[in-house]
Amino acid sequence: MHPKFILVSDPKKPLVGTFVYGMVGQHKELVQGYVKIHGGGWYRKDDEHKTMTLYGSSGDYGEPKLAFLNRIPRELRDYTFIFSPGWNLPGNPLDLNGVEWF
């Protein structure tokens, strides 16, 4: 099991992406129902420093299209999200203004 994430949109709201994450073997295990996938990757959640670092891309769905990072689970509200193109590369904080916490 590995820490992986995807960005998905419901067909009824195709321009609104939801952050889905979990410990899975393959990214496709995170998919539930009929949705549009906007890429994915790996993550590292640091509870001590309250950071969620997103890395790279999904072999199944490609690079994450971060413009679809519109909805994030409420349990991550106090976390700073950072994106890095790969492990051990410097990352940039993501702007979460306007994100819906559900």
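This is a predicted model, so every value here is computed, not measured.

Moving on to the packing of aromatic side chains. Taken as a whole, this structure holds six aromatic pairs when the rule is applied. Centre to centre, the rings of Phe19 and Phe81 are 5.5 Å apart; their planes meet at 80°, and the pair counts as edge-to-face. Taken together, the residues span a long stretch of sequence, with Phe19 in strand S2 (residues 18–24) and Phe81 in strand S6 (residues 80–84) at a distance of 62 residues. Here Phe19 falls in the buried class, since its relative accessible area comes to 1%.

Moving on: the pattern of salt bridges. The tally for this structure, following the rule as stated, stands at two salt bridges. Lys45 is the partner of Asp47 in a salt bridge, and the nearest nitrogen-oxygen pair spans 3.4 Å. Under the relative-accessibility criterion, Lys45 is labelled partly exposed at 35%. Across the pair Glu100 and Arg71 runs a salt bridge, and its minimum N-O distance is 3.3 Å. In this pair, Glu100 sits in strand S8 (residues 100–101) while Arg71 sits in strand S5 (residues 71–72), placing the two residues 29 residues apart along the sequence.

Conventions used here
- The numbering scheme is per chain: residues are counted from 1 as the chain's sequence reads.
- Selection of residues for local features in this predicted model requires a pLDDT of at least 70, selection of side-chain atom pairs for listing and counting requires 80 or more, and totals for whole chains, interfaces and linings are taken over all residues.
- For side-chain calculations, the full set of non-hydrogen atoms in the structure is used, while hydrogens and water are omitted.
- Note on aromatic contacts: the rings of Phe and Tyr and the six-membered ring of Trp form a pair at centre separations within 6.5 Å, being stacked when their planes are under 30 degrees apart, edge-to-face when over 60 apart, and tilted otherwise.
- Helix numbering and strand numbering both begin at the N terminus, where a helix is a DSSP run of H or I of at least 4 residues and a strand a DSSP run of E of at least 2.
- Think of it in three bands: with a 1.4 Å probe and only protein chains considered, a residue is buried below 20% of the maximum accessible area for its type, exposed above 50%, and partly exposed in between.
- Here, a salt bridge means any Lys or Arg side-chain nitrogen found within 4 Å of an Asp or Glu carboxyl oxygen.

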